[in-house]
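Next come the chains, spelled out residue by residue.
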Amino acid sequence: RLFLRAVLWRVRTGSPWRDLPPAFGHWNSQFRRFRRWPKSGVCEGLFKAMNADLDLDNSIGSTIVGVHQKATGSKGGHSIRPLGARAAGRTTKIVALVDALGNLVRFLLLPGQAHDMKGAAPLIKGVSFDALRADKAFEADWLLHDLDERGATAVIPLKTNHQLQRNYDAKLYKWRHLVENDFARIKEFRRIATRHDKTDCSYAACWKLVTALIASR
C-alpha cells in the first residue's frame, strides 16, 4: 500500500523520484520497484481487473500531451518512446477506447504527429460492442466496413468533403463526450498531463495505475 501511495503521489504532483517524501520510503527503492511492475505485468493486471465488466457501447478518441525536456534522451531512442516532433516541441498522442460508462477500456501511445486512425484497428480488435462513437477523424471506409461486418452501429459524422451521404444517430453521438471526460479526469494527474517519463513502458504504467484508481472510486 505504501508503494502505491508513493507512485500515485509522484504521478499526481509531477515530482521526480528524488523528491519523494521520506514517509514513502527511500526513493530509489520505490523507483526500482516501479520499473519492475510494468515489465512483470502487474500494472496491466490491475488495469484489466478494474475494467472487467464493460458496457457494449464504446467511444474512441485521442488526446495529445506535451513531453517534458526530462523525458528525452533515454537509452534506446525512439524505439522505446513514441515521441512526435511538432512545431511546438515533442508530443505524444494517446488514442483511447472508452465504454458507455466512461471507463477506459484500451489505449495506445503514438507519436504526436501520427493520425488518429493508426490507433483504431488495434484498439477495437477482439472487442465486442453494439455501437462505436467517434469524431470525423475516424471516418474511414475500412472502419465503417469493419463495423458493418460486426453488426455494430457506426456513430461517426461525415466529413464535409465526403461524396456519399450516410445517416448517423446524432443523439447517440452526443455521448461521445465521455471519452473527453475520461481524458480530463486522467489529466488531473500532472505526470500524465505532461509526459515526464522517458520510456513508453513507464508512461503507459502511469496511465494504467491512474485508470485503476479512478475505476475503484
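Before reading on, note that the structure itself is shown above.
The following paragraphs examine the structure supplied in this document.

Reading the values: rules and limits
- Residues numbered from 1 in each chain as written.
- Predicted model: local features only at pLDDT ≥ 70, side-chain atom pairs only at ≥ 80, totals over all residues.
- Heavy atoms only, no water.
- Salt bridge = Lys/Arg side-chain N within 4 Å of Asp/Glu carboxyl O.
- Helix = DSSP H or I, 4+ residues; strand = E, 2+ residues; numbered from the N terminus.
- Buried < 20%, exposed > 50% of the residue type's maximum accessible area, 1.4 Å probe, protein only.
- Patch = residues over 30% accessible without salt bridge, like charges linked within 9 Å, V, L, I, M, F, W, Y side chains within 5 Å.
- Areas by Shrake-Rupley, 256 points an atom, 1.4 Å probe, with all protein chains shown as cover.
- Expected span 1.5 Å × (residues − 1).
- Contact = heavy atoms within 4.5 Å.

Here we look at the pattern of salt bridges
No. 1: Considering all chains together, one arrives at nine salt bridges under this definition.
No. 2: For Asp197, the salt bridge is made with Arg10, and the minimal N-O distance between the two is 3.1 Å. In this pair, Asp197 sits in the loop between β7 (194-195) and α9 (200-216) while Arg10 sits in helix α1 (residues 2-13), placing the two residues 187 residues apart along the sequence.
No. 3: On the basis of relative accessibility, which here comes to 5%, the residue Asp197 falls in the buried class.
No. 4: The residue Glu44 makes a salt bridge to Lys48 at a minimum N-O spacing of 3.7 Å. On the criterion of helical spacing, the pair formed by Glu44 and Lys48 is a turn pair, its members being four residues apart in helix α3 (residues 42-49).
No. 5: For Lys48, a relative accessible area of 54% corresponds to the exposed category.
No. 6: Shared partners join several salt bridges into a network, and the residues in it are Arg10, Arg191 and Asp197.

Quick notes on a nonpolar patch on the surface
No. 1: Together, Leu4, Val42 and Leu46 give the surface a local cluster of nonpolar side chains, amounting to about 180 Å² of exposed area.
No. 2: Taking the relative accessible area as the measure of exposure, Leu4 reaches 33% and is therefore partly exposed.

Remarks on α1
No. 1: For α1, which comprises 12 residues, the first-to-last C-alpha distance of 16 Å matches the rise-based estimate of 16 Å (1.5 Å per residue) to within 8%.
No. 2: Listed as buried for α1 are Phe3, Ala6, Val7, Leu8, Arg10 and Val11.
No. 3: Along its buried surface, α1 packs onto α2 (27-40), α8 (190-193) and α9.

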